[in-house]
Amino acid sequence: MSAPALDKLTIEHLRGSVRPFTLPFERSKKLTVVYGENGTGKSTVCDAFEFLGKGKIGSLENRGLNKTTRYWHSLGKKASDIGVTLQTRDGSQCRATLVKTNVVTHPVANRPQVEVLRRSQILALIEATPSNRYNAISRFIDVSGVEASEASLRDLIKGLNVRRNEAVAVVEANQVNIQQFWENAGKAGANAFDWAEAEAKRDPGAADAELPAINKLQQAYARLIDYPTKFANAKKRQESAIDELELARTEAQKCLQSIAADAGEVMSVLESARTYLAKHPSPLHCPLCESAENIEGLDQRITERLSTFATLQTAGKRTHAAEAETKRADVQLNSLHQQAQTDAASFEDARSAFAWSTDIVMPAATAPAEIEALESWLTDSSALPAFWNQAAAERQDHKRFVGTLKLALETYRENVEAQTDLDALLPKLKQALEIVEEERKDFTDTILAQIAAEVGRIYELVHPGEGLNKISLELDPARRASLDIGASFCGEATPPQAYFSESHLDTLGLCVFLALAGLDGPENTILVLDDVLASVDEPHVERLIEMLYGEATKFRHCLITTHYRPWKHKLRWGWLKNNQCHFVELSKWTNQQGLTLIRSIPDAEQLRTLLAASPPAPQLVCAQAGVILEASLDFLTQLYECSVPRRAGGNYTLGDLLPSMNKKLRSALRVEVQLLDPVTAATSYQSVALGPILDELTRVAQARNVFGCHFNTISFDLLDSDALGFGQKVLELIETLADAEAGWPRNSKSGSYWANSGETRRLHPLRQPN
Amino acid sequence: METPAQTLASKITDRLTKEGLIDASAAKVLQSKLAEGKLRAEDWQLPIETAGQKKAVTL
């Protein structure tokens, strides 16, 4: 749904609006031309739209003012006094105010979309760097999100390509390894892989069971190895103990023989007495005989007597020790016998517990249970542990080899599978990437081509047939977010800045702005063009205005400010179609009044007003009618190439112009005036002959000079009705010939008549009759 | 209003679906992420890898 039509804009204390200023918009007219000399406040009107729509005032930017908000309010007012209100035909409104440095709009939903182009910015896009130019149009072609996703896809393909290459390399390496294993294994089977598969499937249980059995056998054998040495040592210990015992006993016998037969019992009594005296150091009498006679020094005498029994004592201790050692040696020897018997049985258990491969050699005899026979058995089988070690190592090697082979096969299979999967996936991913790239390029190229074509189309309206309309916009493939602009000049592709004139560049800048604004929801956009006509050279202004008339209809509203005076006069005279155009004029700005509007009244309307006045002023009527008649005849004589006296300055009088329109032409001249049925809205044409009007005007033309131009006594003799009749006839002519809204019939495209905009007037004939 | 990236993402997913590179159901999921630049490598791989698989099973 397009936005509602504008009703009025009220500006309070913004820039030049020292007093509240209201700009009303005419109903059903989408183009407003604000005319004013310099310093009338045109830019304030543009500022107000920009303040409301964009929250800024661009006219103050790039003037070295830094923060410009402090200059937004009118002199003598505060920032908080600023208010801009736009009312629309549906009764809604939007108001913007300045709160501190922020523009606050209420309601936000009604905030209008506004695009403002000022004369100072007209070349900005053309002369911008490619990156700034890109920024200006990025809102139409910014697909950076898609580009980021596209980069992920590209990275994925890159990564998977690396993975595929790695898989291929691993497959090749494993092929070589398996082939090598196969060759080393004697090329059994049909091929390396059949062999490897068969090898890998073989039961690993045999080797797994045999290795612990060998280990157990080795351990059992190792336990037997030390027995001969241990046995010899134990035997030797036993023999030494027996020898010592015999010696100790002999020594003890000798001692006993050298002392009394009851020495042993006496020594016992003495030792008991010494123990008693240790507990009772000062006895009064002998504890044995109860005599007190020799009690003195009894303790010392007992000690002296006991010392004579020490040799016997030592011999006794030695005998005890030798007996104990003999017993221990016997126990150890017995224990060794038993252990050797057990370990020999363990070895035999280990030997018989497994069905040994033929390459595992066993001792010829069973391990002897008698320790004495073990040494010769060990000697006979001493070479076997080395064989068993070798057998275990071989089995370990084979186990490792099968593990390696299995791993090689597994890795080979995995990588073949990975390669196969990637070979299926990668082409799809690449195709997807191609599609993404293609669609992205196509998308941006199409939009850029559309913009360029639109720029070219608008440009051609202003510079028809100059061959400068081949505008191109191209993204620089080597740089991101960089936009080049190109044009055709003398058939050569070239940057327009290089060869275009200033005026052509200005037009191009305006066309680029209009094309971009037209792409971004124009039906909701208020287009504001601030004084952009001033930069265009005179021959192109009229076409530029025509172009603006045409382009303005696309937008919600178009407001153009100008100080181009001919526009004002051409509109006043209806030389420009103004049925779409609402023309307002600003008078001189003053610091008391601020902005003020003047109503520009078309000349025909002024004449009608003068004729309707009561009482009418004949002199004013004739003066106004004379000017309109001159304008009408000037138009007709140029259109039909009538002969008029050639004169320096080209100022023709009624006396020159009226006679130049001969009888044949006058009788051929007729205007089809379009009539509108107010009820059915149907249109029809009424044919009005101009000849009789022109003839009558020729008859009464003198009234113009008599009444309207000079002091003349002849006027004393004429009636006021003659003057008013002249005025009425001129009004009849102008209203027949031209339409106040749709202008003069200047278009000969029909091939048989001249028509104005909308063909509300059709002027016949096309050419002056011969 | 649709952004240029959203418009382009829609065109791309339509084309990928038409070419049989992704399923229509995956296209809906991909579209917004594609426009927002949030499609990671794995987000691309899975739908392309699995495209057409359901169909094959159904057949």
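Structure: above.
Let me begin by describing the structure that accompanies this report. Just so it is clear, the structure is predicted and the values come from calculations on it, not from any experiment. (Residues numbered from 1 in each chain as written. Chains lettered and ligands numbered in written order. Predicted model: local features only at pLDDT ≥ 70, side-chain atom pairs only at ≥ 80, totals over all residues. Heavy atoms only, no water.)

**Section: the sheet that holds strand 16 (residues 683-689) of chain A**
All names here are of chain A. Worth spelling out the cut-off: Here a strand pair is declared whenever DSSP counts at least two bridges between the two strands. Counting from the N terminus, the helices are DSSP H or I runs at least four residues long and the strands are E runs at least two residues long.
Strand order in the open sheet formed by four strands is 16-15-18-17, with antiparallel pairing between adjacent strands. Across the chains shown, the open sheet's two edge strands, defined by having one partner strand only, are strand 16 and strand 17 (754-755). With two bridges connecting them, strand 17 and strand 18 (residues 761-764) associate as antiparallel partners. Bridge pairing in strand 18 places Trp754 opposite Leu763.

**Some remarks on the sheet that holds strand 6 (residues 102-106) of chain A**
All names here are of chain A. Basically, it comes down to this: In this analysis an axis means a line fitted to C-alpha atoms, helices contributing only their contacting stretch, and an angle means the value between N-to-C directions, from 0 to 180 degrees.
Here we have five strands laid out as an open sheet, ordered 2-1-4-5-6, and antiparallel in their pairing. Each end of this open sheet is capped by a strand with a single partner; those strands are strand 2 (21-24) and strand 6. With strand direction ignored, the average angle separating the axes of adjacent strands in the sheet is 15°. Sheet analysis places strand 4 (residues 83-88) next to strand 5 (residues 93-99), joined by five bridges and oriented antiparallel.

**Some thoughts on the packing of aromatic side chains**
Residues and elements named next belong to chain A. Heads up, the rule is: Aromatic pairs are defined between Phe, Tyr and Trp rings, using the six-membered ring for Trp, whenever the two ring centres lie within 6.5 Å; interplanar angles under 30 degrees are classed as stacked, those over 60 as edge-to-face, and all others as tilted. Between buried and exposed lies partly exposed: a residue is buried under 20% and exposed over 50% of the maximum accessible area for its type, with that area taken using a 1.4 Å probe on protein chains only. The rule for a charge over a ring is simple: NZ of Lys or CZ of Arg within 6 Å of the ring centre, and within 35 degrees of the ring normal.
Within this structure, the stated rule accounts for 14 aromatic pairs over all chains. Taking the centre distance of 5.8 Å and the plane angle of 45° together, the rings of Tyr221 and Trp377 count as tilted. Here Tyr221, found in helix 6 (residues 205-225), pairs with Trp377, found in helix 11 (residues 371-380); they are 156 residues apart in sequence, far enough to count as distant. Owing to a relative accessible area of 3%, Tyr221 belongs among the buried residues under this scheme. Above the face of the Tyr685 ring, Arg762 is positioned so that its terminal group lies 4.1 Å from the ring centre.

**Quick word on the pairing of strand 4 of chain A**
Every regular strand shows the same layout, with side chains that alternate between the two sheet faces. All names here are of chain A. When you tally the buried positions in strand 4, you get five out of six residues, the bulk of the element. Of the pairings in the sheet, the one linking strand 1 (residues 6-12) to strand 4 comprises six bridges and is antiparallel in character. Paired with Lys8 across the strands is Gln87, a residue of strand 4. Here strand 4 folds back onto strand 5, and the loop between the two strands holds four residues, one of which, Gly91, carries a positive phi near 90°.

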